[in-house]
Amino acid sequence: MTTAQPRHLLDGSHRRMFIGGAWVEAASGQTMETRNPANGVVIATVPRAGKKDIERAVAAARNAFDGPWSRFKPHERQKLLLRIAELFERHWEEICVSDTTDMGLPIARARGNANRVLGMLRYYAGMATALHGQTIDNSLPGDIVSYTRKEPIGVVGAIIPWNAPTAASVWKIGPALATGCTVVLKPSEEAPLTPLLIAELMAEAGVPDGVVNIVTGTGTEAGAPLAEHMGVDKIVFTGSTATGQSIVRASAGNLKRVSLELGGKSPVIVCTDADLERAVPVAAMSVFANSGQICIAGSRLFVARQIHDEFVARLAAYAAGLRIGNGIDPETEIGPLISPRQLQRVEGYLRAGSEEGARLVVGGTRLSQGALAAGNFVAPTVFAGVSDTMRIAREEIFGPVISALPFDTLDEVVRRANDTPYGLAAGVFTRDLSTAHQLSRRLQAGSVWVNTYHAIDPAVPFGGYKMSGYGREGGTDHLDEYLNTKGVFIRID
Ligand code: NAD
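Numbering of residues begins from 1 in every chain and follows the order in which that chain's sequence is written. Per-residue local features are limited, in this predicted model, to residues with pLDDT of at least 70; the limit for side-chain atom pairs, both in listing and counting, is 80 or more; totals at the level of whole chains, interfaces and linings are taken over all residues. The side-chain quantities take in all heavy atoms of the structure and omit both hydrogens and water.

For the chain, an unreviewed UniProt entry supplies the name Aldehyde dehydrogenase (NAD+) and the organism Aminobacter ciceronei. UniProt positions are given in the numbering used here, feature names are shortened, and annotations may be inferred rather than shown by experiment. Its UniProt record gives the chain the following Sequence similarities (unreviewed entry) comment, quoted word for word: "Belongs to the aldehyde dehydrogenase family."

Structure, rendered in structure tokens:
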């Protein structure tokens, strides 16, 4: 596949945001820069929105919801989603280049996400004509028919992080279009460009003005006013647990509904009978893919003591062989971290690991040879001799760092794996069917993967237990997050 000329040159030009079907500046006239994390170069400026812009976007979304959009039939919303999927397919290379340049994802990985993202759009297209209430027999006196209706919840505020702008945007906007809601989406200030490109494709597909609005700005200046807004009926949020907590507090004003996809510290458990040929690369990439900036990173690697040393040695060899560089090179397997700030944060954890007595097996440093010096690169890192209480075993690092922890029995590993405030995902490697079933049942996590990892499908719910959030994305549960259920009673005697 060749690298297409991106529609936007990513050359430092100014881009506007999208409100009510128009490309607009922030009311304040302020702008902010976005940089390529592989080399620090400014690739665009975008409006730095504030409260007034959020007001404008919510008003546009409300007008569309009450007006033309409410008259769209399910099959028309379905056709729209299918057209969007078609345009995404046609412009997939531009989308990939945009993500790679704005947030560092290796282009080979970005390209590989096509089926997942297009599959999501087509899944929601299918669901648009499959929404229904129920007819329910009641025990009331008289002859009364009762049934439920599923109705779109209204204006949805979507707030997303920088680590997967395309998938996160589609996961928020797709169900809104399927159910008949409207959206104000605030991308991360670190990676706002692909959501703007997505808005362009949606407009081209014929999404009516005001149905999808993209407001670029920071968390406190644009995110917080959106979360607080009395005219927003629901917030769908993906990001850190701390921000999720402030979103919940901000929602109290009008008791808007909230769903949260938050952080994690996911365990991966490798049993003595695991197929190591498969387990080593999958366990490695469960963290190193996207340079560890993945909410489901399997960053606590529990390995059965009998195979621990061999596994760690093979993992280290795998990590050392990964090709690191600017993600725009199709050979690159590991790109940069998003920002100098994130780099410093990860370096802090690398120091903490060594200071707390973990043994550094591979990596452990920033990479700054040659061209890498201008970007935010960290070597894929494995620590062994980690204890459960160390910070690297407890806190979400969001960098390419694996902590290996030996275990002896299944009861013990279940207890230790569940001993975390998080509960987003878990991985298990075993060839024993009963171990697979027992662990999948006992692990407190929204997704459990056995002999694989990172399998996410539009039809299967994804989300967190405990402080990894609530609500589900994917599957019919996801559509329900965007719907109100109304009970109707009609006396017919
Ligand atoms: P973050 O919480 O700092 O920011 C996420 C978004 O929230 C950004 O758009 C930001 O501008 C906005 N924001 C920040 N403060 C806000 C406030 N007070 N009110 C409203 N909005 C605000 O997270 P991040 O650093 O961008 O992303 C990394 C985090 O996201 C990690 O913790 C990761 O685990 C999590 N994440 C979770 C999932 C999931 O599906 N569970 C997926 C990806 C990332």
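Read on for the rest.
### Structural notes on the overall build of the chain
When its secondary structure is counted, the chain shows 16 helices and 18 strands. Expected size for 493 residues packed as a compact globule is a radius of gyration near 23 Å; at 23 Å, the chain falls within 12% of this value. Expressed as a percentage of the 493 residues in the chain, the buried residues total 58%. The contact rule is simple, with two residues in contact once any of their heavy atoms fall within 4.5 Å. Of the contacts made within the chain by residues no fewer than 6 positions apart, 74% connect residues no fewer than 24 positions apart. Using a 1.4 Å probe, the Shrake-Rupley method yields the accessible areas, and only the shown protein chains count as cover for residues. Counting only carbon and sulfur atoms, one obtains 51% of the accessible surface of the chain, whose full area is about 19400 Å². Averaged over its 49 positive side-chain charges, the chain has a centre that lies 3 Å from the centre of its 50 negative ones. The way it works is that DSSP assigns letters per residue, a run of H or I at least four long becomes a helix, a run of E at least two long becomes a strand, and they are numbered from the N terminus. The globule rule is 2.2 Å times the number of residues to the power 0.38, and the radius of gyration it is compared with is taken over C-alpha atoms. Burial classes: relative accessible area under 20% of the type maximum marks a residue as buried, over 50% as exposed, and values in between as partly exposed (1.4 Å probe, protein chains only). This count recognises Lys and Arg as positive and Asp and Glu as negative, with His and chain-terminal groups excluded. Charged side chains are reduced to one point each, which is NZ for Lys, CZ for Arg, CG for Asp and CD for Glu.

### Looking at the site of the ligand
What makes a residue near a molecule or strand is one non-hydrogen atom of that residue sitting within 4 Å of it. Of all residues adjacent to the ligand, which total 28 residues, the nearest are E189, S240, T243, L262 and E396. Pairs of N or O atoms within 3.5 Å make up the polar contacts considered here, provided that, within protein, one atom can donate a hydrogen while the other can accept it, and that residues adjacent in sequence are counted only when both atoms are side-chain atoms. Side-chain polar atom of W162 to an oxygen atom of the ligand: 3.0 Å apart, as the coordinates give it. In the environment of the ligand, an oxygen atom lies 2.8 Å from a nitrogen or oxygen atom belonging to the side chain of T243. Coverage of the ligand by the protein amounts to 85% of the 850 Å² it exposes when considered alone. For the shell around the ligand, the secondary-structure elements that each account for two or more residues are α8 (219-228), β9 (234-238) and α9 (241-250).

### Some points on the UniProt feature "domain: Aldehyde dehydrogenase" (unreviewed entry) in the chain
Annotation from UniProt places "domain: Aldehyde dehydrogenase" (unreviewed entry) at residues 23-487. Across residues 23-487 one finds 40% helix and 18% strand; the C-alpha atoms that close the span lie 41 Å apart.

### Some points on the domain arrangement of the chain
Source of the domain bounds: an automatic or database domain assignment. Segmentation of the chain into domains returns domain 1 (13-262 + 468-489) and domain 2 (267-457). For domain 1 and domain 2, the distance between their C-alpha centres works out to 31 Å. Values labelled buried area give the accessible surface lost by two parts on being combined, using a 1.4 Å probe and summing over both. Taken over both partners, the interface formed by domain 1 and domain 2 buries close to 2200 Å², and the fraction arising from carbon and sulfur atoms is 57%. Only one rule defines a salt bridge in this text: a Lys or Arg side-chain nitrogen within 4 Å of an Asp or Glu carboxyl oxygen. Our enumeration of links across domain 1 and domain 2 arrives at one salt bridge. Linking E190 and R341 is a salt bridge whose minimum nitrogen-to-oxygen distance equals 4.0 Å.

### Focus: the packing of helix α2 (residues 74-90) against helix α5 (residues 114-128)
Here, axes are lines fitted to C-alpha atoms. For helices the fit covers the stretch in contact, and angles between N-to-C directions go from 0 to 180 degrees. Relative to each other, α2 and α5 sit at 170 degrees, their axes nearing to 8 Å. By the angle class used here, α2 and α5 are roughly antiparallel. Note on element contacts: α5 touches α2 through V117, L118, L121, R122, Y124, A125, G126 and A128, opposite P74, R77, Q78, L81, L82, I84, A85, E86, F88 and E89. Put simply, Ala, Val, Leu, Ile, Met, Phe, Trp, Tyr, Cys and Pro go in the nonpolar bin, Asp, Glu, Lys and Arg in the charged bin, and everything else, Gly too, in the polar bin. Class assignment of the residues belonging to the contact of α2 with α5 gives a composition of 12 nonpolar, two polar and four charged. Any angle from 65 to 115 degrees is called roughly perpendicular, while one under 35 is roughly parallel, one over 145 is roughly antiparallel, and all others are oblique.

### Observations regarding the sheet that holds strand β15 (residues 401-407)
Strand pairing is assigned whenever DSSP detects at least two bridges linking the two strands. Taken in spatial order, the seven strands line up as β13-β14-β15-β12-β11-β16-β17 in an open sheet, and their pairing is mixed. Strands at the two margins of the open sheet, each flanked by one partner only, are β13 (359-362) and β17 (447-450). Direction aside, the axes of adjacent strands within the sheet are offset by 25 degrees on average. Two elements, strand β11 (residues 267-270) and strand β16 (residues 425-429), share three bridges in a ladder whose sense is parallel. Within β16, the position partnered with I269 by the bridge is V428. Contacting β11, β12 (300-304), β13, β14 (381-384) and β15, helix α11 (residues 305-320) crosses the sheet at an angle of about 135 degrees to β12.

### Some points on the confidence of the model for the chain
For every residue, the predictor assigns a confidence score, pLDDT, that lies between 0 and 100. Averaged over every residue, the pLDDT of the chain is 97; the share at 70 or more is 98%. Across residues 1-5, confidence stays below pLDDT 50; counting only partners more than four residues off in sequence or on other chains, it has 10 contacts.

### What about the packing of α2 against helix α7 (residues 193-205)?
The contact between α2 and α7 brings their axes to 9 Å, and the two run at 130 degrees. Classed by the angle they form, the pair α2 and α7 counts as oblique. When the axes of α2 and α7 are compared, the crossing they make is right-handed. Note on element contacts: α7 touches α2 through I198, L201, M202, E204 and A205, opposite L80, R83, I84, L87 and F88. What makes a crossing left-handed is the near helix being turned counterclockwise from the far one by less than a right angle; a clockwise turn instead makes it right-handed.

### Quick look at the packing of aromatic side chains
Stacked, edge-to-face and tilted are the three classes for Phe, Tyr and Trp ring pairs, Trp counted by its six-membered ring, which pair at centre distances within 6.5 Å; planes under 30 degrees apart are stacked, over 60 edge-to-face, the rest tilted. Summed over the entire model, instances satisfying the criterion amount to six aromatic pairs. When the centroid spacing of 4.9 Å and the interplanar angle of 50 degrees are considered together, the rings of W69 and F72 count as tilted. Relative accessible area serves as the criterion here: at 24%, F72 is assigned to the partly exposed category.

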